[in-house]
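# Geometric and topological summary
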Amino acid sequence: MAKEKRFIFLSDDFYQAYPSAQYPEMEQKKTRPYIQVIVEINEVKFAIPLRSDIHHPHVFWTDKENHCGVDFSKAVVIADDIFVDREREPHLRQNEFDALRGKDFKIKQKMEKYIKRYKQAKENPQDPINGTLLKYSTLQYFEEYL
């Protein structure tokens with residue numbers, strides 16, 4: 001694999017492997033794909049989307065006032081290099097770029113914390129808060145990597 005990128009788009013191969021009919025919690029917008037932030041935890045690569053209109057606490061804010069940020073609840077695993085779109089180059093808005101500059105370690109820490117929280121929720125799924133987290137998290141599709 002060439003030099004690792006920090007921001008990527010997911011490829012068509014990814015969306016073919018994870019069709020929305022079978023994986024409804026995954027964010028799939030063909031006309032306006034989400035820019036993804038890449039982090040690696042325990043040799044597993046996660047792609048975490050930059051989203052807007054976020055109304056839950058599992059986020060690294062890039063613009064809290066407008067509910068924009070890195071949404072850990074919609075993170076996916078990059079199990080194969082073909083899942084990264086090498087043709088398109090993401091371009092972040094300046095305010096998002098500024099908010100993310102130098103924050104790689106903090107984002108990785110928050111993703112690790114979110115994975116830990118997800119695993120804790122799995123221990124008691126009957127709890128309503130845990131049930132909601134488990135229902136809407138894309139980690140449910142990638143538990144073998146956790």
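A brief report on the enclosed structure follows. (Residues numbered from 1 in each chain as written. Predicted model: local features only at pLDDT ≥ 70, side-chain atom pairs only at ≥ 80, totals over all residues. Heavy atoms only, no water.)

### Side note on helix H4 (residues 128–136)
When H4 is considered as a whole, its buried residues turn out to be Asn130, Leu133 and Leu134. What you see down the axis of H4 is that its buried residues fit within an arc of 95 degrees, all on one side. Turned more than 90 degrees from where H4 packs its buried face, Pro128 and Lys135 sit exposed. Capping the start of H4 is the job of one residue whose side-chain oxygen sits 2.9 Å from the backbone nitrogen of Ile129: Asp127. (Buried < 20%, exposed > 50% of the residue type's maximum accessible area, 1.4 Å probe, protein only. Helix = DSSP H or I, 4+ residues; strand = E, 2+ residues; numbered from the N terminus. Arc of directions from axis to C-beta. Polar contact = N/O pair within 3.5 Å; in protein donor to acceptor, adjacent residues only side chain to side chain.)

### Quick notes on the environment of His56
By the element assignment, His56 lies in the loop between strand E3 (44–51) and strand E4 (59–63). The sequence separation of His56 and Glu143 amounts to 87 residues, and the corresponding C-alpha distance is 21 Å. Contacts of His56, omitting those with residues within four sequence positions, involve Trp61, Asp71 and Ser73. At 3.0 Å, the side chain of His56 and the backbone nitrogen of His58 are in polar contact. At a separation of 3.1 Å, a polar atom in the side chain of His56 contacts the side chain of Asp71. (Contact = heavy atoms within 4.5 Å.)

### Section: the packing of aromatic side chains
Under the defined criterion, the tally for this structure stands at 8 aromatic pairs. Between Phe14 and Tyr18, the aromatic rings sit 4.8 Å apart at their centres with planes inclined by 35 degrees, giving tilted as the arrangement. Tyr18 carries the same exposure label as Phe14, and that label is buried. Ring centres of Phe14 and Phe83 lie 5.4 Å apart, and the angle between their planes is 85 degrees; on these two criteria the pair is classed as edge-to-face. Here Phe14, found in helix H1 (residues 12–17), pairs with Phe83, found in the loop between strand E6 (76–77) and helix H2 (94–100); they are 69 residues apart in sequence, far enough to count as distant. Phe83 carries the same exposure label as Phe14, and that label is buried. Every member of this aromatic cluster is reached through a ring pair, and the members are Phe14, Tyr15, Tyr18, Tyr23, Phe83, Tyr141, Phe142 and Tyr145. One Lys or Arg, Arg88, reaches over the ring of Phe9 and ends 4.8 Å from the middle of that ring. (Phe/Tyr/Trp six-rings, centres within 6.5 Å; stacked < 30°, edge-to-face > 60°. Lys NZ or Arg CZ within 6 Å of the ring centre and 35° of its normal.)

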